[in-house]
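# Inside the fold
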Amino acid sequence: MPDSEAPDPGSAADARGTGDPSTSADHGTADEEQGDRADDPGAASGRSPIDDPNALSPAVDAVIERWNPQGAALLRAMAGAGHGTTVDFYAPDDANTTLLRTELARFEPHIDLADPTSGTEPAAALILFDAGSVLGADMFALIDRLRAADRRILLAMNGFHAYQDWRATRDRNLELLAARGITDLDIVAVSARMSAAARAADDSALLDRSGVAGLHATLAAATAKGPADGAQRRTAVRTRVLADTRARIDEQITALRSGTDTARIREERIGLAAERDGGRQAGLAAVRSQVQLARVDLTAELGSMVRALHTRSRAELDRCDRAELRAYPQRLQQAAGELSASVDAVIDDRVIEAARRIGTAAPTARRRDPAPRVGPDPGKRHRGVEDHLMIALGASAGVGLGRLIVAPLSLVPTLDVASVPVTLLLGAGAAAWVVRARGQLAERNHMSQWVSEALVNIKAQLEQRVAAVLVDIEAELAEHVVRESTARAIAVDRRVTELDALARRLVAERPAQLTACERDIATLDQL
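Residues numbered from 1 in each chain as written. Predicted model: local features only at pLDDT ≥ 70, side-chain atom pairs only at ≥ 80, totals over all residues. Heavy atoms only, no water.

## Quick word on the overall build of the protein chain
Secondary structure assignment for the protein chain yields 18 helices and five strands. Residues counted as buried form 43% of the 527 residues belonging to the protein chain. Considering only residue pairs separated by 6 or more positions, the protein chain has 85% of its internal contacts joining residues 24 or more positions apart. Looking at the protein chain as shown, the accessible area adds up to about 27000 Å², and 56% of this sits on carbon and sulfur atoms. (Helix = DSSP H or I, 4+ residues; strand = E, 2+ residues; numbered from the N terminus. Buried < 20%, exposed > 50% of the residue type's maximum accessible area, 1.4 Å probe, protein only. Contact = heavy atoms within 4.5 Å. Areas by Shrake-Rupley, 256 points an atom, 1.4 Å probe, with all protein chains shown as cover.)

## With respect to the packing of helix α6 (residues 95-105) against helix α9 (residues 192-201)
The geometry of α6 relative to α9 is characterised by a closest axis approach of 9 Å and an angle of 45° between their N-to-C directions. When the axes of α6 and α9 are compared, the pair comes out oblique. Every pair of crossing elements has a handedness; the one defined by α6 and α9 is left-handed. Listed contacts from α9 to Asn-96, Leu-99, Leu-100 and Glu-103 of α6 are Ala-192, Arg-193, Ser-195, Ala-196 and Arg-199. Per-class residue counts for the contact of α6 with α9 are four nonpolar, two polar and three charged. (Axes fitted to C-alpha atoms, helices over the stretch in contact; angles between N-to-C directions. Parallel < 35°, antiparallel > 145°, perpendicular 65-115°, else oblique. Left-handed = near helix turned anticlockwise from the far one by under 90°. Nonpolar A, V, L, I, M, F, W, Y, C, P; charged D, E, K, R; others polar.)

## A short note on the packing of aromatic side chains
Under the defined criterion, the tally for this structure stands at one aromatic pair. Centre to centre, the rings of Phe-160 and Trp-166 are 5.0 Å apart; their planes meet at 50°, and the pair counts as tilted. Of the two residues examined, Phe-160 and Trp-166, each falls in the buried class. (Phe/Tyr/Trp six-rings, centres within 6.5 Å; stacked < 30°, edge-to-face > 60°.)

## Things to note about the confidence of the model for the protein chain
Per-residue confidence for the protein chain gives a mean pLDDT of 77; residues scoring 70 or more make up 78%. In this model, residues 1-53 is a region of pLDDT below 50 whose contacts with residues beyond four sequence positions or in other chains number 122 contacts. (pLDDT = per-residue confidence, 0-100.)

## Quick notes on the pairing of strand β5 (residues 187-190)
Both faces of β5 are covered, namely the face carrying Ile-187 and Ala-189 and the face carrying Val-188 and Val-190. Bridge analysis of strand β4 (residues 153-158) against β5 gives four bridges, and the strand direction is parallel. Its bridge partner being in β5, Asn-158 is matched across the sheet by Val-190. Note on the crossover from β4 through helix α8 (residues 166-179) to β5: the handedness is right-handed. (Pairing = 2+ DSSP bridges. Right-handed = clockwise from strand over helix to strand, strands pointing away.)

## Brief notes about a nonpolar patch on the surface
Side chains of Ile-405, Val-422 and Leu-426 sit close together on the surface and give an oily, nonpolar patch of about 220 Å² of accessible area. Assessed through its relative accessible area of 33%, Leu-426 is described here as partly exposed. (Patch = residues over 30% accessible without salt bridge, like charges linked within 9 Å, V, L, I, M, F, W, Y side chains within 5 Å. Salt bridge = Lys/Arg side-chain N within 4 Å of Asp/Glu carboxyl O.)

## Quick word on helix α13 (residues 260-273)
Taking 1.5 Å as the rise per residue, α13 with 14 residues should run 20 Å; its terminal C-alpha atoms sit 20 Å apart, in good agreement. Along α13, the positions that sit buried rather than exposed are Asp-261, Thr-262, Ile-265 and Leu-272. Considered in projection along α13, the buried side chains sweep an arc of 95° and stay on one side of the axis. Turned more than 90 degrees away from the buried face of α13, the exposed residues are Glu-267 and Ile-270. (Expected span 1.5 Å × (residues − 1). Arc of directions from axis to C-beta.)

Structural data, given as structure tokens:
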């Protein structure tokens, strides 16, 4: 099984983009590995893989290898003798599989991917699975069954462009195969979607990186016919490879003469020039706006919390007796501590949210102030004219009530005198009850007034805490922004310097590159 490695979909190493034809084979390195097979007769003998009289000269071979490594691998594959004309295709029935079939059908020679139950005699078996999946028991059972039947097996993982860690998944699958004693199988990484995009954009480098051409070369090697009955087929493949190679060279010549690479560098430099400050001004403006927004939100949240505590306190005061009223300042202090903890939690959440919106790391620590004090305990209530008036009104009401109660006694002459002390006692008791009730009500009102003043003081302290925290956070976030923007500005300056040097080098090397491209065209024209 050839050793093939799918190119990196994120790689920017496009040799034609740099205008250097001598490095144009870089983007096809993976497929050169795919074509460099140990049993390649052309490679072993040093001759062209195409037999005489259609053999290519070493110079033409070198041009094809440099500009079209996928085509060179296909030519080497066509020189071998295969074992059949079809390939059994084991793959999931989904859109990606259909797209891969379509892309493989665009290559010449055509590879017949047959259904495993078609009854034909296949040259090999192609097993396709998703690039993000690990081989399971069912897949290993299929591989073992095909190996027991002495079938050649090709493994391919499709859609590697969608997984950043596809290499780790591929290595894991190879480890699982090795653990079962299967070391002669490799896994080809392909991306049918990248191949389709490359054809739509007419980008041969992207087509090479998709790995589909390399997979086609491997399949062609498995289905190639012998030299006696495959000459016409190999001639058609050679013609197509030569035409594709010439088109790639013409594309590079057009890019060199039009200065596309220089224009692209100039556009990138203009874009970088607008970011010379590393985004410092935008970052600092974002810090200020987010801190102001946090101040507004926290102030509103704090006011809501204080109002809720005031409402709860008034409800509690309405249910308190005299003893509970005297102990209520301690309860309010405890409630203030709980309110302080809640405010700190809200501040932390809001700071994290502001840092996330700015795009910097949230501060790891901030100062923690103690819970606000409710202030001195309420003073003793002053007894005024109202209290004395309430005593008189209570006594009067008590006497009247007593007279009403003992009125029946006055009908008996002997009990008329006894009704007087009873009336006085009832009046005194009623007066005492009224005075006590009025006093408790006055104490409750006095405590309610003190709670209102204490909560005003608590709110002021918490607002001061919010303001102090936001000042510290603004300074720390601004420091983060300045530090990160400075690093970006240095990177931008370094990249601008690299682009300037690259532009000068491209301008200096362009004549030599054009000469090399024209020389390769002349080599192909000798056929």
